[in-house]
Amino acid sequence: MDEYDLYLNVKKPAVGLYVRKGAGLPDLADKKDWVFGGIAAQDLLPAAIVASIAANGHAFRDMD
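A few points on the structure. (Residues numbered from 1 in each chain as written. Predicted model: local features only at pLDDT ≥ 70, side-chain atom pairs only at ≥ 80, totals over all residues. Heavy atoms only, no water.)

Observations concerning helix α1 (residues 47–56)
The following threshold applies: A simple rule labels every residue: compare its accessible area, found with a 1.4 Å probe on the protein chains alone, to the largest value its type can have, and call it buried under 20%, exposed over 50%, or partly exposed in between. A run of H or I in DSSP becomes a helix once it reaches four residues, and a run of E becomes a strand once it reaches two; helices and strands are each numbered from the N terminus. In this description, one arc is meant: the one made by directions from the helix axis to the C-beta atoms. The contact definition used throughout considers only heavy atoms, calling two residues in contact when any of these lie within 4.5 Å.
Taken as a whole, α1 has its buried residues at Ile49, Val50 and Ile53. One face of α1 carries all of its buried residues, which in axial projection span an arc of 100 degrees. When the buried face of α1 is taken as reference, the exposed residues oriented beyond 90 degrees from it are Ala47, Ala48, Ala54, Ala55 and Asn56. Packed against the buried residues of α1 are β1 (3–9), β2 (15–20) and β4 (58–62). Positive backbone phi, at 85 degrees, marks Gly57, one or two positions downstream of α1.

What about the packing of aromatic side chains?
Just so we agree on the cut-off: Two rings from Phe, Tyr or Trp (for Trp, the six-membered ring) form a pair when their centres sit within 6.5 Å of each other. Planes less than 30 degrees apart are called stacked, planes more than 60 degrees apart edge-to-face, and all others tilted.
Within the structure shown, the criterion is met by two aromatic pairs. Taking the centre distance of 5.7 Å and the plane angle of 75 degrees together, the rings of Tyr7 and Phe36 count as edge-to-face. Note that Tyr7 is positioned in strand β1 and Phe36 in strand β3 (residues 34–41), a separation of 29 residues in sequence.

With respect to the nonpolar core
The cut-off we apply is this: The definition of a nonpolar core used throughout is a set of buried Ala, Val, Leu, Ile, Met, Phe, Trp, Tyr and Cys residues joined through side-chain atoms within 4.5 Å.
Core analysis: the biggest nonpolar cluster contains nine residues, these being Tyr4, Leu6, Tyr18, Ala40, Leu45, Ile49, Val50, Ile53 and Ala59. Within the residue set of this core, elements represented by two or more residues are β1 and α1. In terms of residues, this core owes the most to one element, α1, which gives three residues. Sequence-distant contacts of Ile49, that is, excluding residues within four places in its chain, are made with Tyr18, Ala59, Phe60 and Arg61.

Regarding the pattern of salt bridges
It is possible for side chains bearing opposite charge to pair when their charged atoms get close. This is how it is decided: The rule for a salt bridge is simple: a side-chain nitrogen of Lys or Arg has to be within 4 Å of a carboxyl oxygen of Asp or Glu.
Considering all chains together, one arrives at three salt bridges under this definition. Of the charged contacts in the structure, one is a salt bridge between Lys21 and Glu3, with a shortest N-O distance of 3.0 Å. Taken together, the positions of Lys21 in the loop between β2 and β3 and Glu3 in strand β1 put the pair 18 residues apart, joining distant regions of the chain. Relative accessible area serves as the criterion here: at 47%, Lys21 is assigned to the partly exposed category. Since its relative accessible area comes to 35%, Glu3 is described here as partly exposed.

Right under this line is the structure:
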């Protein structure tokens with residue numbers, strides 16, 4: 001089962017960013033605004049998030 005790293009935006013706590021486990025943050029201009037929030041197993045994420053990670057290498061998610 002695949003796992004994904006979750007990063008949370010400290011300025012906008014309701015925004016999460018998922019990437020493949022160990023991939024690190026994508027090329028973001030504001031990397032300092034993101035903190036590691038944990039690891040999520042694929043079966044705990046919505047299918048749309050998993051599909052977006054597969055297609056784009058990352059996926060944003062509303063954490064509210």
